[in-house]
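Each chain, written out:
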Amino acid sequence: MFNALLVKKNDEGKTSAAVESISIDQLPEGNVTVAVEYSTVNYKDGLCIGPGGGLVRNYPHVPGIDFSGTVEESSDERYSAGDKVLLTGWRVGEAHWGGYAQKARVNGDWLVPLPEGLSTKQAMAVGTAGLTAALAVMALEEHGFPTDDAVLVTGAAGGVGSVATAMLAKLGHKVAAVTGRPETADYLTSLGASQIVAREEINETSKRPLEKELWSGCVDAVGGAMLARLLGQMNYGASVAAVGLAGGADLPATVIPFLLRGVNLLGIDSVMQPYENRLRAWQRVSTDLPMDKLESMIHMATLSDLPDLGKAILKGQVKGRVVVDINA
Ligand code: NDP
């Protein structure tokens, strides 16, 4: 028997989450069993710990959209007992039981060998949010930065935003970090941000489709009205890597920035990334993310902290990355 955070739904449709002891036979089908060491708290986990937000397919459910650990048993020839591995995406923690348990059974195709130079804890300090930030930075690089103006990062104090800020700064870009929490300014500066932009400065600009050109690129974790506003502030030919919707799913924008400024809107999806892309992005993380900065981003948590943390992340109250020590 081992511990897991089990989310259950009662006859009235109300969900509840608690740490329970479960057995290996309860795990879903898969060809690799992993002794989980670390997982993290992402925005989607907040949804899945709570009412599910349409993401959870079956109850009871074990959330946790990413994890790292050691292979315990494998019939996949790529993995043997003792191998260190990590997992992000593939709807694990949503449609398939995830990382908030001491053991997970998954399809070997969804795993990645732990990149050299990263511990299982560091890999999860990065986690899905950090992998997504790396994919966003790589997408911006592919399309180029038209000037050396700052690159904007929205939702900067959150998970994706923190990693994107640190990575872009390490790569030599000026980074303008947009935050709704002025008290995180010192933290964001310590990650490498050269400019702190208050959330209202973007949200409360005029609703004109084009503003002064200010930014050479953007990693946007917020979406909604903020994404609509910042499109009109991009340099000619600049790209926006749209990662998330922490500020809403509607996009009240016009086509003008695309037509008159050649702005590129790049959608970033970390969930269904093929193995090669995931491996490439993890390699970039291990070379281009300063590990001392990563250390300053993390807060440690245990399985029993998760119900409260799930609520906090949905309210935008989590700073940086929360790493869950599954065996603590
Ligand atoms: P976090 O909650 O850690 O960060 C989101 C940040 O957005 C908050 O910290 C806050 O930053 C800001 N924010 C929150 N609410 C609002 C609001 N109403 N208006 C404006 N800003 C707001 O989440 P993550 O960084 O883990 O994820 C960010 C987004 O990216 C989520 O929507 C998530 O679902 C998505 N995502 C997408 C992935 C993909 O594959 N495309 C993978 C991972 C995440 P601040 O206080 O600094 O303003």
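Residues numbered from 1 in each chain as written. Predicted model: local features only at pLDDT ≥ 70, side-chain atom pairs only at ≥ 80, totals over all residues. Heavy atoms only, no water.

A. Quick look at the overall build of the protein. Within the protein, the regular secondary structure consists of ten helices and 15 strands. Counting only C-alpha atoms, the protein reaches 60 × 45 × 35 Å along its principal axes. A total of 328 residues make up the protein; the buried ones form 54% of that total. Taking all contacts inside the protein whose residues are at least 6 apart in sequence as the whole, residues at least 24 apart take part in 71%. As displayed, the protein offers around 13600 Å² of accessible surface, 50% of which is attributable to carbon and sulfur atoms. Across the protein, the mean location of the 28 positive side-chain charges is 5 Å away from that of the 37 negative side-chain charges. (Helix = DSSP H or I, 4+ residues; strand = E, 2+ residues; numbered from the N terminus. Buried < 20%, exposed > 50% of the residue type's maximum accessible area, 1.4 Å probe, protein only. Contact = heavy atoms within 4.5 Å. Areas by Shrake-Rupley, 256 points an atom, 1.4 Å probe, with all protein chains shown as cover. Lys, Arg positive; Asp, Glu negative; His and termini not counted. Charge placed at Lys NZ, Arg CZ, Asp CG, Glu CD.)

B. Structural detail: the domain arrangement of the protein. What the domain assignment reports for the protein is domain 1 (2-114 + 292-325) and domain 2 (128-267). A C-alpha centroid distance of 29 Å is found between domain 1 and domain 2. On the side of domain 2, 17 residues touch domain 1, which itself brings 14 residues to the contact. Approximately 1100 Å² of surface area, both sides summed, lies buried where domain 1 meets domain 2, with 60% of it carried by carbon and sulfur atoms. Counting the surface domain 1 buries against domain 2, the share from its top three residues, Lys 293, Met 297 and Lys 319, is 39%. Where domain 1 touches domain 2, the interface holds zero salt bridges. The interface formed by domain 1 and domain 2 holds five residue pairs in polar contact (both at pLDDT 80 or more) in total. Element by element, the count of residues in the side of domain 1 that touches domain 2 is highest for helix α9 (residues 291-297), at three residues. Per-class residue counts for the side of domain 1 that touches domain 2 are four nonpolar, six polar and four charged. (Domains from an automatic or database assignment. Buried area = accessible area lost by both parts, 1.4 Å probe. Salt bridge = Lys/Arg side-chain N within 4 Å of Asp/Glu carboxyl O. Polar contact = N/O pair within 3.5 Å; in protein donor to acceptor, adjacent residues only side chain to side chain. Nonpolar A, V, L, I, M, F, W, Y, C, P; charged D, E, K, R; others polar.)

C. Main features of the site of the ligand. Residues in contact with the ligand amount to 26 residues; listed here are only the nearest, Thr 179, Gly 180, Arg 181, Ile 268 and Ser 270. Within the backbone of Ser 270, a nitrogen or oxygen atom sits 2.7 Å from an oxygen atom of the ligand. Burial of the ligand by the surrounding chains reaches 87%, relative to a free accessible area of 920 Å². Counting only elements with at least two residues in the shell around the ligand, the list comes to α2 (120-143), α3 (159-170) and β9 (175-179). Here the shell around the ligand is built from residues that sort into 13 nonpolar, ten polar and three charged. Of the domains in this structure, domain 1 (2-114 + 292-325) and domain 2 (128-267) are the two that each give at least three residues to the shell around the ligand. (Near = heavy atom within 4 Å.)

D. Layout of the packing of α2 against helix α8 (residues 275-288). Across the interface, α2 lies against α8 with an axial gap of 9 Å and an inter-helix angle of 100 degrees. The angle between α2 and α8 places the two elements in the roughly perpendicular class. Here Ala 123, Val 126, Gly 127, Gly 130, Leu 131, Ala 134, Leu 135, Met 138 and Glu 141 of α2 come into contact with α8, specifically with Arg 278, Arg 280, Ala 281, Trp 282, Arg 284 and Val 285. Its residues assigned to classes, the contact of α2 with α8 comprises nine nonpolar, two polar and four charged. (Axes fitted to C-alpha atoms, helices over the stretch in contact; angles between N-to-C directions. Parallel < 35°, antiparallel > 145°, perpendicular 65-115°, else oblique.)

E. Layout of the pairing of strand β11 (residues 215-220). Counted residue by residue, β11 has six buried out of six residues, so it is predominantly covered. Pairing of strand β8 (residues 151-153) with β11, which is carried by three bridges, proceeds in the parallel orientation. Bridged to Leu 152 within β11 is Cys 218. Relative to strand β12 (residues 234-242), β11 runs parallel, the two sharing five bridges. Directly across from Trp 215, in β12, lies its bridge partner Met 234. Crossover β11 to β12 through helix α6 (residues 224-231) is right-handed. (Pairing = 2+ DSSP bridges. Right-handed = clockwise from strand over helix to strand, strands pointing away.)

F. Fine view of the sheet that holds strand β13 (residues 264-267). In space, the six strands of this open sheet follow the order β10-β9-β8-β11-β12-β13, with parallel pairing throughout. Strand pairing shows two members of the sheet lacking a second neighbour, β10 (195-198) and β13, which therefore form its edges. Each adjacent strand pair in this sheet contributes to an overall mean axis angle of 20 degrees, direction not counted. With respect to the sheet, α3 is in contact with β8, β9 and β11, its orientation differing from that of β8 by roughly 160 degrees. Of the strands in this sheet, β8, β9, β11, β12 and β13 touch α6, which is tilted by about 160 degrees from β12.

G. Geometry of unusual backbone geometry. That bond from Tyr 59 to Pro 60 is cis: its omega, -5 degrees, falls within 30 degrees of zero. Relative to the helices and strands, Pro 60 is located in the loop between α1 (43-49) and β4 (66-74). Positive phi, close to 60 degrees, is recorded for Trp 90, a residue that is not glycine. Judged by its relative accessible area of 22%, Trp 90 falls in the partly exposed class. The backbone of Arg 91 sits at a positive phi, close to 65 degrees, despite the residue not being glycine.

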